[in-house]
Amino acid sequence: MFTKILVPVDLAHADKLSRALDAAADFALHYKAAVTYVGVTAETPGSLGHNPKEYAERLAQFAQEQGKRHGFEVETRAVVSHDPAVDLDKSLARAVKEAGADLVVMATHVPNVADHFWPSHGGKLASHTDASVFLVRG
Amino acid sequence: MSDDGIPAPEGDAALIETDYEIGQDNITTTVGPFGLDVHNPVFLISGLSIVVFVLLTLALQEQAGAIFTQLRDWLTSTFDWFFLLAGNIFVLFCLFLIVSPYGKVRIGGMEATPDYSYRGWFAMLFAAGMGIGLMFYGVSEPISHYSSSFADTAGTPESWAPLAGAPGDAEAARRLGMAATIFHWALHPWAIYAVVALSLALFSFNKGLPLTVRSVFYPIFGERIWGWPGHIIDILAVFATLFGLATSLGFGAEQANAGLNHLFGIPVNDVSKVILIGIITCFALLSVVAGLDAGVKRLSEINMGLAALLLLFVIIVGPTMAILTGFFANLKAYVVDLPALSNPFGRSDDNFRQGWTAFYWAWWISWSPFVGMFIARVSRGRTVREFLIAVLIVPMLVSVLWMTAFGGTAISQIVNDGYTAVTEAALELKLFAMLEALPLKEITSFIAIILVIVFFVTSSDSGSLVIDTITAGGKVDAPVPQRVFWASFEGLVAIALLLGGGLGALQAMAVSTGFPFTIVLLLACYATWRGLRSEPR
């Protein structure tokens, strides 16, 4: 049913992603689908890397660990954004298109009043891409 | 290198090895449903001390006004030579870097590519840097210098004329007036911005340090920069930025209100001004929430488009040939008078040197952390030479053209047509008085008032982004509600000062921060030179 799964990851909160990561792995193994882990970074130095190159290396390392753990091949895609606090959804939507993914599996929070002002990334992604989106509550 | 160290940016670059991890001092929490990721203690101390300063100024208005105004006047009159000398050093430093081999160093590593096209980049540089000033001073300053130079008193100690003035000689007074105005808006202010921007960009994109003002001082303070010396530098930068923006917003609302009254008869009162601040703040909020690309950049481009339209209109319907030939004549006058105007010693034009030049330099310097940091953020991928030419030379040429078109047209209205409305109008209305003597005055005046408001929005949104980044310890991906907080806070401070009084007092204080920052900037030149020396080129 699915051939390419995209898994957006926030490396700063990798500890909160385990359910989504496991769900993505289950889908991948069940449908024998390829998995791409995608992360969004700024050009400026940050806690996850002092430049996009370092960030991409960290993301690749993270993905390799996932691949080894679940036993499948992985790809990564580090998207560079001028303003990731705001452009995250757009960057992810672009990554879905460029990767040709037909399923997105991602973690999302329990909605609260803040979602009226800033809707969840998963929700926005579902309304801005053709791919199926599977949201996993932490 | 280990995971904790700093690996290379794109391509070769000389790196600073530090164990400090960006965001390690940050507090990450939630306030109600909203996330928060702020630097401890920069965010809290900046926010609280701004509230305390505003309350104290409101409570002790007269005393605060007197103290800060005296402080500013004392600094600009006692240390005028220091401001002028420092300004010259900044210009020479930048010109030296343009022609030196260090010009080949690329911001972000040797293989980095520019993030923005020239159009978007210039638009953002200009809109953040000085747009609003050009609207208000483009007409009034050339007239002021022309009038004081032409007056019989020019050259006396009471005169405000630049250098010795040109009593009774209209042509020489016009030339000097334009040269003196351009002097305040061309190389020197942009060299100030360029020094801050280049140093921040270099230490962030090439050396891997966080994008905050403290990073520039790593070569001087070393690891201590992550402690209190760094906290104080960042807090000062937040202070100067917020008060600079809030007081300008307050005054801007007064000026925009006067313009709207002049055009549409909208009453000049507190309600109108508060509504204006509210509108500007709302647009700034929408812009920062939309982000750097969809908000700030797009608005800056619209802003530049409108400004170019107005400029083109004045050139076409104004004295076209006079403006076009005046451009080269004024550029020449500026170059010829530059050594005399920038000379810090042995001059007798105290009022001009202290009241205009030193004040301007302090003003530009107090704005430099904000403008410099914003320019730094959008300049990755440019070489040092390309960066400095773009930040120094292009704005200089635009400023000369703008001043020639607006100021030159106004002076020509006075000298050639005997049109005195421009001289008689209040400062904030001089632009409109000039436009009234040209065709289609309703349309151009309306565009001008829109431009005034949009220029405030573009300063306000980029300022809020900068304050948010500094108070988040250099993180640019902190939760969006923080930007909303700073943009709203700036509007509220402006309203409090407008209603309670104290706009002048706190603007004087903001300008006074120009003095310590001048020292900071001189150190930044040294740090940048050291930083560039170790870069591959």
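Note that this is a predicted model, so its numbers are computed, not measured.

Draft legend 1. Region of interest: the overall build of chain B. Check the secondary structure of chain B and you find 19 helices and two strands. Relative to the compact-globule value of 24 Å for 537 residues, chain B shows a C-alpha radius of gyration of 23 Å, a close match. Expressed along its principal axes, the backbone C-alpha trace of chain B runs to roughly 75 × 55 × 40 Å. Buried residues in chain B amount to 61% of all 537 residues. Of the contacts formed within chain B by residues at least 6 apart in sequence, a portion of 81% connects residues at least 24 apart. Working note: accessible area of chain B is about 18,600 Å², and carbon and sulfur atoms make up 67% of it. Put simply, chain B has 26 plus and 39 minus side-chain charges, and the middle of one group is 7 Å from the middle of the other.

Draft legend 2. Molecular detail of a nonpolar patch on the surface. Residue and element names in this part refer to chain B. Among the surface-exposed residues, Val 271, Ile 275, Ile 279, Phe 283 and Leu 286 lie close enough to one another that they form a single nonpolar patch of about 490 Å² accessible area. Positionally, Leu 286 belongs in helix H10 (residues 270-317). The exposure class of Leu 286 is exposed, given its relative accessible area of 57%.

Draft legend 3. Expanded view of the state of the cysteines. Scanning the model with the defined rule gives zero disulfides over all chains in all. Of the cysteine sulfurs around B:Cys94, a residue in no disulfide, the closest is that of B:Cys525, at 7.0 Å.

Draft legend 4. Quick peek at the interface of chain A and chain B. In this assembly, 25 residues from chain A lie in contact with 35 residues from chain B. Counting each side, the surface lost to burial between chain A and chain B is near 2,400 Å², with a carbon and sulfur contribution of 59%. For the chain A face of the interface with chain B, the top three residues by lost area are A:His50, A:His82 and A:Trp118, together amounting to 26%. The tally of links from chain A across to chain B stands at two salt bridges. Joining chain A to chain B, the criterion identifies six residue pairs in polar contact (both at pLDDT 80 or more). Every element with two or more residues in the side of chain A that touches chain B is listed here: helix H2 (52-70) and helix H3 (84-99) of chain A. Looking at the side of chain A that touches chain B, its residues break down into 10 nonpolar, eight polar and seven charged.

Draft legend 5. View of H10(B). Taking 1.5 Å per residue as the helical rise, H10(B) with its 48 residues ought to reach 70 Å, whereas the 36 Å between its terminal C-alpha atoms falls clearly short. Between the side-chain oxygen at the start of H10(B) and the backbone nitrogen of B:Val271 there is a gap of 3.2 Å, and the oxygen is on B:Asn269.

Draft legend 6. Expanded view of helix H12 (residues 350-377) of chain B. All names here are of chain B. A rise of 1.5 Å per residue sets the reference length of H12, with its 28 residues, at 40 Å; its end C-alpha atoms lie 38 Å apart and thus fit the reference within 8%. Along H12, the sharpest change in direction is near 50° and occurs at Ser 368; proline Pro 369 comes one to four residues later. Burial runs high along H12: 24 of the 28 residues are buried.

Draft legend 7. Local environment of the packing of aromatic side chains. Residue and element names in this part refer to chain B. Throughout the structure, instances matching the rule amount to 47 aromatic pairs over all chains. Between Phe 53 and Phe 239 the ring centres are 5.2 Å apart and the planes differ by 90°, which places this aromatic pair in the edge-to-face class. Taken together, the positions of Phe 53 in helix H1 (residues 42-59) and Phe 239 in helix H9 (residues 228-264) put the pair 186 residues apart, joining distant regions of the chain. The rings of Phe 126, Tyr 137, Trp 185, Trp 190, Tyr 193, Trp 356, Phe 359, Tyr 360, Trp 363 and Trp 364 are connected pair by pair, giving a single aromatic cluster. Above the ring of Tyr 118, the side-chain terminus of Arg 382 is found at 4.4 Å from the ring centroid. A cation sits over an aromatic face here: Arg 533 above Trp 529, 4.6 Å from the ring centre.

Draft legend 8. Representation of the nonpolar core. Membership of the largest hydrophobic core comes to 181 residues, with the highest contact counts inside it found for B:Ile50, B:Phe406 and B:Met434. What B:Phe406 contacts, discounting residues up to four positions off in sequence, is B:Gly138, B:Val139, B:Leu310, B:Leu311, B:Val314, B:Leu431 and B:Met434. Listed in part, the 26 residues of the second largest apolar core include A:Val7, A:Val9, A:Ala33 and A:Ala63.

Draft legend 9. Highlighting the packing of helix H6 (residues 170-185) of chain B against helix H13 (residues 384-415) of chain B. Residues and elements named next belong to chain B. Orientation of H6 relative to H13, taken along the N-to-C sense of each, is 150°, at an axis distance of 10 Å. Taken together, the axes of H6 and H13 lie roughly antiparallel to each other. Considering how the two elements wind past one another, H6 and H13 form a crossing that is right-handed. From H6, Ala 170, Arg 174, Met 178, Thr 181, Ile 182 and Trp 185 reach across to H13, where they touch Ser 399, Val 400, Met 403, Thr 404, Gly 407, Gly 408, Ile 411, Ser 412 and Val 415.

Draft legend 10. Focus on the environment of B:Leu324. Within the secondary structure, B:Leu324 is located in helix H11 (residues 320-341). A C-alpha to C-alpha distance of 31 Å links B:Leu324 and B:Leu260, two positions 64 residues apart in sequence.

Draft legend 11. Focus on unusual backbone geometry. With an omega of 10°, the peptide bond between B:Asn40 and B:Pro41 qualifies as cis. Secondary-structure assignment places B:Pro41 in the loop between strand S2 (34-39) and H1. One non-glycine residue, A:Lys32, lies in the positive phi region at around 50°. Mapped onto the fold, A:Lys32 is located in the loop between helix H1 (18-31) and strand S2 (34-41). Of the residues examined, A:Lys32 reaches a relative accessible area of 73% and is grouped as exposed. Positive phi is not limited to glycine here, since B:Leu163 has a value of about 50°. Structurally, B:Leu163 can be placed in the loop between helix H5 (131-150) and H6.

Draft legend 12. Structural detail: the pairing of S2(A). Residues and elements named next belong to chain A. Burial within S2 is extensive, with seven of its eight residues counted as buried. Of the strand pairs in this sheet, strand S1 (residues 4-8) and S2 are connected by five bridges, and their pairing is parallel. Looking across to S2, one finds that Lys 4 is bridged to Ala 34. After leaving S1, the chain enters H1 and then returns to the sheet as S2, a path that is right-handed.

Draft legend 13. Representation of the pattern of salt bridges in the model. This model, assessed by the stated rule, comprises 22 salt bridges over all chains. Residue B:Arg377 is joined to A:Asp83 by a salt bridge in which the shortest nitrogen-to-oxygen separation is 3.6 Å. Linking B:Arg377 in helix H12 with A:Asp83 in the loop between strand S3 (74-80) and H3, this pair reaches from one chain into another. The exposure classification of B:Arg377 matches that of A:Asp83, with both residues buried.

Draft legend 14. Seen up close, the sheet that holds S3(A). Residues and elements named next belong to chain A. Spatially, S3-S2-S1-S4-S5 is the arrangement adopted by the five strands of the open sheet, whose pairing is parallel. Looking at the sheet topology across the chains shown, the edges are occupied by S3 and strand S5 (132-137). On average, adjacent strands in this sheet sit at an angle of 25° to one another, irrespective of strand direction.

Draft legend 15. Representation of the pairing of strand S1 (residues 26-31) of chain B within the structure. All names here are of chain B. As judged from the six bridges shared by S1 and S2, these two strands associate in the antiparallel manner. In the sheet register, Thr 28 faces S2, and the bridge partner there is Asp 37. From the end of S1 to the start of S2, which pair antiparallel, there are two residues, and Gly 32 there has a positive phi angle of about 60°.

Draft legend 16. Quick look at the side chain of B:Ser300. Residue and element names in this part refer to chain B. Topologically, Ser 300 is positioned in helix H10. Residue classification places Ser 300 among the buried positions, given a relative accessible area of 2%. Excluding anything up to four places from it in sequence, Ser 300 contacts Ala 123, Met 124, Ala 127 and Thr 458.

Calculation criteria
- Residues numbered from 1 in each chain as written.
- Chains lettered and ligands numbered in written order.
- Predicted model: local features only at pLDDT ≥ 70, side-chain atom pairs only at ≥ 80, totals over all residues.
- Heavy atoms only, no water.
- Helix = DSSP H or I, 4+ residues; strand = E, 2+ residues; numbered from the N terminus.
- Rg over C-alpha atoms; globule rule 2.2 N^0.38 Å.
- Buried < 20%, exposed > 50% of the residue type's maximum accessible area, 1.4 Å probe, protein only.
- Contact = heavy atoms within 4.5 Å.
- Areas by Shrake-Rupley, 256 points an atom, 1.4 Å probe, with all protein chains shown as cover.
- Lys, Arg positive; Asp, Glu negative; His and termini not counted.
- Charge placed at Lys NZ, Arg CZ, Asp CG, Glu CD.
- Patch = residues over 30% accessible without salt bridge, like charges linked within 9 Å, V, L, I, M, F, W, Y side chains within 5 Å.
- Salt bridge = Lys/Arg side-chain N within 4 Å of Asp/Glu carboxyl O.
- Disulfide = S-S within 2.5 Å.
- Buried area = accessible area lost by both parts, 1.4 Å probe.
- Polar contact = N/O pair within 3.5 Å; in protein donor to acceptor, adjacent residues only side chain to side chain.
- Nonpolar A, V, L, I, M, F, W, Y, C, P; charged D, E, K, R; others polar.
- Expected span 1.5 Å × (residues − 1).
- Bend = angle between axes of the 7 residues up to and from the residue.
- Phe/Tyr/Trp six-rings, centres within 6.5 Å; stacked < 30°, edge-to-face > 60°.
- Lys NZ or Arg CZ within 6 Å of the ring centre and 35° of its normal.
- Core = buried A, V, L, I, M, F, W, Y, C linked by side-chain atoms within 4.5 Å.
- Axes fitted to C-alpha atoms, helices over the stretch in contact; angles between N-to-C directions.
- Parallel < 35°, antiparallel > 145°, perpendicular 65-115°, else oblique.
- Left-handed = near helix turned anticlockwise from the far one by under 90°.
- Pairing = 2+ DSSP bridges.
- Right-handed = clockwise from strand over helix to strand, strands pointing away.

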